[in-house]
Amino acid sequence: MRRRLFSVLAAVAMACAAVGTAVGGGAASASSSAAAAEPYEWKNVRIDGGGFVPGIVFNQTEKNLIYARTDIGGAYRWEQASRSWTPLLDWVGWDKWGYNGVVSLATDPVETSRVYVAAGMYTNDWDPDNGAILRSADKGRTWQATALPFKLGGNMPGRGMGERLAVDPNDNAVVYLGAPDGNGLWRSTDKGVTWAKVASFPNPGNYAQDPSDPSGYLSHRPGVVWVTFDPSSATAGTRTRRIYVGVADKENTVYSSADAGVTWTRVAGQPTGYIAHKGVLDHAGHALYIATSDTGGPYDGGKGDVWKLDTVTGAWTRISPIPSNSADDYFGYSGLTIDRRDPGTLMVATQVSWWPDVIFFRSTDAGATWTRIWDWASYPNRTFRYKMDISSSPWLTFGANPQPPETTPKLGWMTESLEIDPFDSNRMMYGTGATLYGTEDLLKWDTGGQFTIKPMVQGLEETAVLDLISPPSGAPLVSGLGDIGGFRHTDLAAVPPMMFTSPGFTSTTSLDYAETRPAVMVRAGNFTDADRPSDSHVAFSTDGGANWFQGTEPGGIDEGGTVAAAADGSRFVWAPKGVAVHHSTGFGTSWTASTGIPTGAVVESDRVNPARFYGFGAGRFYTSTDGGASFAATAATGLPATGNVKFKAVPGREGDIWLAGGDTAAGGTSGIWHSTDGGVSFTRLSGVTSAVNIGFGKAAPGRAYQALYAVATVGGVNGVFRSDDTGASWVRINDDRHRYGNMGEAVTGDPRVYGRVYLGTNGRGILYADNGGTVPPDDTTPPSRPGTPAASAITSSGATLTWTASTDDTAVTGYDVYREAGATDVKAGSSSSASFALTGLAADTSHTYYVIARDGAGNSSTASGPVTFRTAAGPVGGGCAAAYKVTNSWPGGFQGEVTVKNTGTSAISAWTVAWSFPNGQTITQLWSGVHTQTGADVTVRNASWNGGLGGGASTAFGFGGSWTGANGVPATVTCTAGQPGSPGPS
């Protein structure tokens, strides 16, 4: 799993400790916070796996003490009682996010509570920090760290080789580390506190997959890749004398020391041309086994061998199940293990064998003969010594239906780690590129039975989360993931039956749903275009993500980018990566390029007005009021011009937008900004010095405004925060044990459960947390009285009111504008800012209005003073016009909308709209009006509440219908108006 992390996750740098200096770890050193804190319980949203597990390490002296390492998701410890994994590095924060890349792990065979991690994600400039050795004396519950003077590559090429970290089984104060990129072999003699280079070690390793790669990724040199001790060469309390070391050098891959690491020599007679991925010593039989491949892996490897060294005589014997000089060898070897209860039994895996599947080999006679986990029968059929039970993780089929000789699920791929339990010959575990599998009846292999392989991965979550949505109805969570597409979770504590299919994306880059029709969803994503040239990078659902279908796409697209759904699901706007922004009505049957917005912009939709969409790119905010057909840059300034920026519109509030992100490097800016006028202007929140992302959830009890959830730095503290008062104050809802250093690419609240937040990470999966029903203190203080409005821009049918804004102890969320009308005043509308445009007024008439402010808790201010003004005189007469449009269409059905407008300046009291369908369509349901249909002829009269329209005012009604063959638009739509005091049209 090769995933680069955005540098925004490392926004706050922490000074590196010098070599040999311990720094705080574990429940990371506490820091003061200006924001309040609230206890939250954090849990996994269960997917179970989802990424590469390059290392599984059994303690050799304590039963059931097992660890697993991942390339970007930290380290885990096995819990035998619950048969699940416990994460050990959730305390790692933004400042050291690279520590979640674990290139090696060692468990102490003497003091079994001690465990060591070699941490660091990238050796090129993707990770700004050096690596570190993390050490724990309580099985990973708490940690200390020693920084190294070089980088480590937990997500670099060669990360499946190892283990490069090893504890001396006779003198456990001695710990060795094999380092990459020319840094050689390192040693600690004080249980990992301080480290020094072993100057006498002669070869740091010269292999690189592509030495000329300018990114520094493929030019990485894995270096010294494994260390193996011979415990029989010393007694307890003295340093082990005989040590073997593997090096990524095809001509010199095995070295040894006979004097406890004082001097080193290349092992004589060793094979050349390949790299020893693994080196495992049979302590009883005094044999060293190595598994070799022609590349460093983990994605490739086309040739390799298995060799046995008699450490007494020095004789090497090739014992490859299929030797490299055979035409049947199209793979390298890795995943080498010995049954410690029966040392003549060993197993080895093909490091990569994509077709038809990985192969495991087993020998019970020290490599003289081998059997295979599967064999060829009459092609294309195979016979199997195993059966798969993936009922706990059914998505592992990937929705595939392959033809023989391939099967689903596969045994695996990238099988660099395969381990037999040293206390139980029946138990074996192995890692793949997608999960961790195991068996507990392995010995059936030798007796002719079929043993069962199952996922053994519960608790180990290793997905990269790219987007999350929590709609107001249907499944509570839908996710967009890297590498395995995404899921629809109807139960957060249960593994979903399948990832997204039909179409399936390798990575889903963006998700959205229609706010007022949440069953309508859209997603965009990536896949290998050469494999599926006819497929699209956008897909739609009309049942809340349970089923999907693909739309068409513009030319030139090979990555998903971002996509947005209109509030009513009638149209979509798509910004594919590297291609111009496009818009579509319906479900992507055709796309038209949008104007006024740059390629590469991020797009989102307004959650109220289906015609409004928004975009952001390079510090500029863009808005569209015509369904995404055209955009225009707003006058907003001060927004971040660099870095990863996210923004979202608030449900239920037109034009209410929150924006988070940016980069403080090179004079840039980062934080959280808020707009209540559709992006025309933004206000930056004070106290938030940097941010990654922001989302919304159900409002707190007694509050009218949705709760905000932010991954940000508030009061100098990095964390996850919630605000119940429109960002005026924040509560930290994670703690120093749950810092999730690679978090924030996705975050959202739950619109149905107050206090619940969903958090996406890059490698640690999806987390969710609840506050246990804690309710914030009631806000009983109302906003101050607004200023008396002033009327301007007065016409015969409208005017603009402006007033001095109110203040509040939390935040003013809006204003309600009222018209004095005798005993019962009439609410004219609401505004999120200190101005309001009045429309539809009667001409040459006196009008009186006043304003009331409200806050997030629903408190209302004292009414402002009134303003009275008279509209201008206008021509007598009123008429109406009607505009018909199809807002959504599907086979056999469609949805339409008709807008009725008073085209005059005098009010009308009623209206009637009529048309004839050209293709025999039938209305099945109509709202905001009363209809009759005779054959093709349709008549619609106003409802009781929307017949009265002031001059220039509009209303609308909508309907659902059916069609067969065609769905043409009526040629003529008529509208007849009635005047006040008249009976109206008949």
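Participant: Before we move on, can you summarise the sheet that holds strand β23 (residues 316-318) with the specific residues and values?
Facilitator: Read from one edge of the open sheet, four strands run β20-β21-β22-β23, paired in antiparallel fashion. What marks the edges here is a single partner per strand, and that holds for β20 (275-282) and β23. Within the sheet, the average angular offset between the axes of one strand and its neighbour, ignoring direction, is 25°. Bridge analysis of β20 against strand β21 (residues 287-293) gives seven bridges, and the strand direction is antiparallel. Across the sheet, Ile 275 pairs through a bridge with Ser 293, a residue of β21.

Participant: Would you mind going over the nonpolar core in detail, with residue names and values included?
Facilitator: Grouped together as the largest cluster of nonpolar side chains are 57 residues, with contacts concentrated most on Phe 360, Ile 373 and Leu 411. No other element matches strand β25 (residues 346-350), which puts four residues into this core. Apart from residues lying up to four places away in sequence, Ile 373 is in contact with Ile 359, Phe 360, Thr 383, Phe 384, Arg 385, Tyr 386, Leu 411, Trp 445, Phe 451 and Ile 453. By size, the runner-up hydrophobic cluster in this structure holds 20 residues, among which are Tyr 884, Val 938, Leu 949 and Cys 975.

Participant: Give me a nonpolar patch on the surface: which residues, what numbers.
Facilitator: Taken together, the side chains of Trp 354, Trp 355, Trp 376 and Tyr 379 make up a nonpolar region of the molecular surface, amounting to roughly 480 Å² of accessible area. Within the fold, Trp 376 resides in strand β28 (residues 374-376).

Participant: Mind laying out the confidence of the model for the protein, listing which residues take part and the relevant values?
Facilitator: Across the protein, the average pLDDT comes to 92, with 94% of residues at or above 70. Scored below 50 in pLDDT, residues 1-34 makes 99 contacts in the model with residues more than four places away or belonging to other chains.

Participant: Tell me about the state of the cysteines, and name the residues and values.
Facilitator: Taken as a whole and assessed by the stated rule, the structure comprises one disulfide. The partner cysteine of Cys 880 in its disulfide is Cys 975, sulfur to sulfur 2.0 Å. Handedness here is read from the sign of the S-S torsion; for Cys 880 and Cys 975, about -110°, the answer is left-handed. You can see Cys 880 sitting in strand β68 (residues 880-890) and its partner Cys 975 sitting in strand β75 (residues 973-978), a full 95 residues away along the chain. Here Cys 880 matches Cys 975 in class, with each residue buried.

Participant: With reference to specific residues and values, describe the layout of surface pockets.
Facilitator: Here the second largest pocket is characterised by a volume of approximately 870 Å³. Around the second largest pocket sit 36 residues that line it, and Val 57, Phe 58, Gln 60, Val 227 and Arg 340 are the ones nearest its centre. Going through the elements one at a time, β4 (55-58), β8 (102-107), β12 (165-167), β16 (224-229), β20, β24 (333-338) and β31 (418-420) are the ones with two or more residues in the lining of the second largest pocket. A class-by-class count of the residues in the lining of the second largest pocket yields 21 nonpolar, 10 polar and five charged.

Procedures and definitions
- Residues numbered from 1 in each chain as written.
- Predicted model: local features only at pLDDT ≥ 70, side-chain atom pairs only at ≥ 80, totals over all residues.
- Heavy atoms only, no water.
- Pairing = 2+ DSSP bridges.
- Helix = DSSP H or I, 4+ residues; strand = E, 2+ residues; numbered from the N terminus.
- Axes fitted to C-alpha atoms, helices over the stretch in contact; angles between N-to-C directions.
- Core = buried A, V, L, I, M, F, W, Y, C linked by side-chain atoms within 4.5 Å.
- Buried < 20%, exposed > 50% of the residue type's maximum accessible area, 1.4 Å probe, protein only.
- Contact = heavy atoms within 4.5 Å.
- Patch = residues over 30% accessible without salt bridge, like charges linked within 9 Å, V, L, I, M, F, W, Y side chains within 5 Å.
- Areas by Shrake-Rupley, 256 points an atom, 1.4 Å probe, with all protein chains shown as cover.
- Salt bridge = Lys/Arg side-chain N within 4 Å of Asp/Glu carboxyl O.
- pLDDT = per-residue confidence, 0-100.
- Disulfide = S-S within 2.5 Å.
- 1 Å grid on protein atoms, 1.4 Å probe; cavity = no way out; pocket = protein on both sides within 12 Å on 5 of 7 lines; lining within 4 Å.
- Points joined across faces, edges and corners; volume = space filled by probe spheres on them.
- Nonpolar A, V, L, I, M, F, W, Y, C, P; charged D, E, K, R; others polar.

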